[in-house]
Every structure is written in C-alpha cells, then in structure tokens.
Amino acid sequence: MNKDLLNDLYFDKDADLALIQMKKVAIVGYGNQGRAQALNLRDSGVSVIVGAREGGSSQQKANEDGFKVISIEDAVFDADVIAILLPDQVMATVYNRSIAPNLSAGNILQFSHGYNIHYGKIIPPKDVDVMMVAPSGAGKMVRQEFEKGNGVPNLIAIHQDYSGVAFDLALSYSKAIGGTRSAAFKSTFKEETETDLFGEQVVLTGGIPKLIQNSFKVMVDSGYSPITAWFVSYYEVKLIVDLFNENGFQFMNDAISDTAEYGGQTRGNRLMDDSVTSKMKSFLSEIQSGEFFKEWENESLSGLENLDRLRDKDANSDFEAVTKVLLNAIYRNKSDS
C-alpha cells in the first residue's frame, strides 16, 4: 500500500519548469493566495502580469510589488495562462463579465479551488485547458515556505485537456510556486471541492476552533481561571500539532506522558462517538448533494447577514477577549493598558 501511495506523488524531478516559463501568466485576484503565487512565479522566471480593477487595493498592492497591472480584460487577452484566484462568491461574475469574452483558443485557465467549476457556476469553452494547482495552505505560508527554499504541497487536477499536455503544464506551474519541492498529488475538481469543504467544516475552520472555544467555556463555567483554561484549550494546541505534524500521531504519543496518552485515547474515543461521526457524514452529504452550495449561494446573495452575526458573536465572546490580552502579552510583550 505504501509503495502505491508514493506512485501518486510528484516532485521537482518530475516537473519541467521550462513549460510554464514559456507562458505569460495573468493573475486575476491579488489577495493572499494570488500575491503569493505571483511572487513565486516571478522568482521562478515566469512572466507575470496582474489583472485588476482600476483604483482598487489589488492594483495598488501589485504595483508596489513591481508587477505590470492592467485591466482584467486586457490581462486575459495578453496572457496564455489565466490564474483565477478570486473569492468563490464573486468568481463567476468576474469570469462571465471580464474573462470569458476575452479568451482565445489554446488559453489555459488555472484555478486553486474547484468550487466554481464543480458546481457549474463557470462553464469554460471547449478549446481551452482547465487545470487546478491548489496549495494545501494559505497564501502567506506558500510565500514564506518558498522563500525558505521549501514548499507547500499542491493538489493537481485537470478538468479539460484541450492541448493534451495540461497535466505536464500543471506540474510545471506547481514547481514554479514551490509545490513540487514538497510534493504534488493528483486529484479531480470534484474530489478537491468536496474534501476541501468537508475538511474546513469538520476539522480546520469548524471543528478545531469550536472545540477550543467550547472547552474553554466548560472550564471557565466550572470555576477555573480564564488564563489557565486558555492555555490548556488554545495555546497548547500548536505545541501538540507541532509534535505530530512531521512524524505522525505515534511520535506524539511517544513524546507525551502515559497519563496524557491514556486519557487522550480513552476520552477521545468517547468524545468522537457515533453521534459525532453521524454529523460528519451528514455534513459530507450536504456538500455532495449541493445543499451546502445552495445555502452558501443564498447567504452570499443576502449580503452575508448570517455570517456577519456569527462573526460578531465570536468577536465579542469572552474567549476572544482573553485571547487578545494573552496573545499581546506573550507575543508582543504588551499589556492590556
């Protein structure tokens, strides 16, 4: 099994950087991910332009970074590869208005999330390549690791292979942004979209933060010091993740006390019982059926009313107040005064 898994990984030696160096890349969406990819591509010898709205913050930032910034329409017309790195909820609108009318046969559309393609919000013409190179990390990390000589793993998928060499080009793009320094792995737009949403909701931005917030609340409500509760439920998470991040859970278990391992194994299994697994399955079903997609579409059209309420609730929570004070004290050596 392990040998088969390794056959599905791609590294620098498997990618030809010259393929993407022969193309001009337009970055549309100069946020954290767009900026990181643009800078990494340029440092890898790729010709990069940025398509942005006149007078917008993206135009200003890209200009400060030394890129040629032109309208999105002109950037699409001038480029071979159009990397669309806009937020999911606005991507289709920008695509239909400014990108689709200016595409030429043989262009390459590059995505870093399959959402708009998988759910049919964007339907590309048949005479272009449609590929995805999706870093397994935020833009800040993509840039930082690249500057260190390392890289963030990339998921690679091909939705449409008009040229016949789309996968090779995607590997080349991955190499240029640092992905194959670590590893690139092959997937599909469907798999990336559904697993990415599931991972966010159940683990990364849903499960872990809510587990931390609720464990903090249980301890404080039971009379324990907010400072002690915060360190146990929040601060120590990074320390434990660092233990298993590079070497796995068994390495972590070897590094902690027998008491911690026994308590974690027994109570962890009781916490993650059948009811939790059932909820996970229902969340995945909502993603697969398109129910979550429709829910998020309605939320976007409403102006993010529910999301703003949830943001306000978190921002004004006791946990957030304690977090701000303690992070300032620990990392910035400042008092609350």
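So, here is what we can say about the structure in this document. (Residues numbered from 1 in each chain as written. Predicted model: local features only at pLDDT ≥ 70, side-chain atom pairs only at ≥ 80, totals over all residues. Heavy atoms only, no water.)

## Details of the side chain of N253
Residue position: N253 is located in helix 14 (residues 249-255). What N253 contacts, discounting residues up to four positions off in sequence, is E261 and Q265. (Helix = DSSP H or I, 4+ residues; strand = E, 2+ residues; numbered from the N terminus. Contact = heavy atoms within 4.5 Å.)

## Examining the layout of surface pockets
Estimated volume of the second largest pocket: approximately 360 Å³. Forming the walls of the second largest pocket are 21 residues, and the residues nearest its centre are A52, R53, S58, I72 and L86. Of all the secondary structure elements, the ones that give two or more residues to the lining of the second largest pocket are helix 4 (57-64), helix 5 (72-78) and helix 6 (88-99). Looking at the lining of the second largest pocket residue by residue, the classes come out as eight nonpolar, nine polar and four charged. (1 Å grid on protein atoms, 1.4 Å probe; cavity = no way out; pocket = protein on both sides within 12 Å on 5 of 7 lines; lining within 4 Å. Points joined across faces, edges and corners; volume = space filled by probe spheres on them. Nonpolar A, V, L, I, M, F, W, Y, C, P; charged D, E, K, R; others polar.)

## Re the packing of aromatic side chains
For the structure shown, the criterion picks out 13 aromatic pairs. Measuring from ring centre to ring centre gives 5.2 Å for Y10 and F167, while their planes differ by 70 degrees; the resulting arrangement is edge-to-face. One end of the pair, Y10, is in strand 1 (residues 9-10); the other, F167, is in helix 9 (residues 166-176), and 157 residues separate them in sequence. Taking 5.1 Å as the distance between ring centres and 70 degrees as the angle between the ring planes, the aromatic pair formed by Y115 and Y119 counts as edge-to-face. The class of Y119 is buried, set by a relative accessible area of 15%. An aromatic cluster of three or more residues is present, and its members are F216, W230, F231, Y234, Y235 and F319. In this arrangement the basic side chain of R42 is found over the ring face of F67, its NZ or CZ atom lying 4.1 Å from the centre. It is R181 that lies over the ring of F146; its NZ or CZ is 4.1 Å from the centre. (Phe/Tyr/Trp six-rings, centres within 6.5 Å; stacked < 30°, edge-to-face > 60°. Buried < 20%, exposed > 50% of the residue type's maximum accessible area, 1.4 Å probe, protein only. Lys NZ or Arg CZ within 6 Å of the ring centre and 35° of its normal.)

## Here's the deal with the packing of helix 3 (residues 32-43) against helix 8 (residues 139-147)
At a minimum axis distance of 7 Å, the contact between helix 3 and helix 8 shows a crossing angle of 20 degrees. As the angle between them shows, helix 3 and helix 8 are arranged roughly parallel. As for the relative orientation of helix 3 and helix 8, their crossing is left-handed in sense. For the pair helix 3 and helix 8, contact is made by N32, Q33, A36, L39, N40 and D43 and by G139, V142, R143 and F146, respectively. Considering only residue class, the contact of helix 3 with helix 8 consists of four nonpolar, four polar and two charged. (Axes fitted to C-alpha atoms, helices over the stretch in contact; angles between N-to-C directions. Parallel < 35°, antiparallel > 145°, perpendicular 65-115°, else oblique. Left-handed = near helix turned anticlockwise from the far one by under 90°.)

## Thoughts on unusual backbone geometry
Apart from glycine, the bulk of residues carry a negative phi angle, and the bulk of peptide bonds sit in the trans form. The phi torsion at L304 lies on the positive side, around 65 degrees, for a residue other than glycine. Considering the arrangement of structural elements, one finds L304 in the loop between helix 17 (291-301) and helix 18 (305-315). A residue is classified by how much of its surface remains accessible, and L304, at 18% relative accessible area, is buried.

## Things to note about the nonpolar core
Nonpolar side chains tend to gather and get buried jointly when the protein is soluble and globular. By size, the foremost hydrophobic cluster in this structure holds 30 residues, and its most contacted members are V25, I27, L41 and Y173. Taken together, the elements giving at least two residues each to this core come down to strand 2 (24-28), helix 3, strand 3 (47-51), strand 5 (81-84), strand 7 (129-135) and helix 9. Here this core gets six residues from one element, more than from any other, and that element is helix 9. Ignoring sequence-local partners within four residues, the contact set of I27 consists of G34, A38, L41, V48, I49, V50, G51, A83, L85 and Y173. V76, I82, A92 and I117 belong to the second largest nonpolar core, which has 23 residues in total. (Core = buried A, V, L, I, M, F, W, Y, C linked by side-chain atoms within 4.5 Å.)

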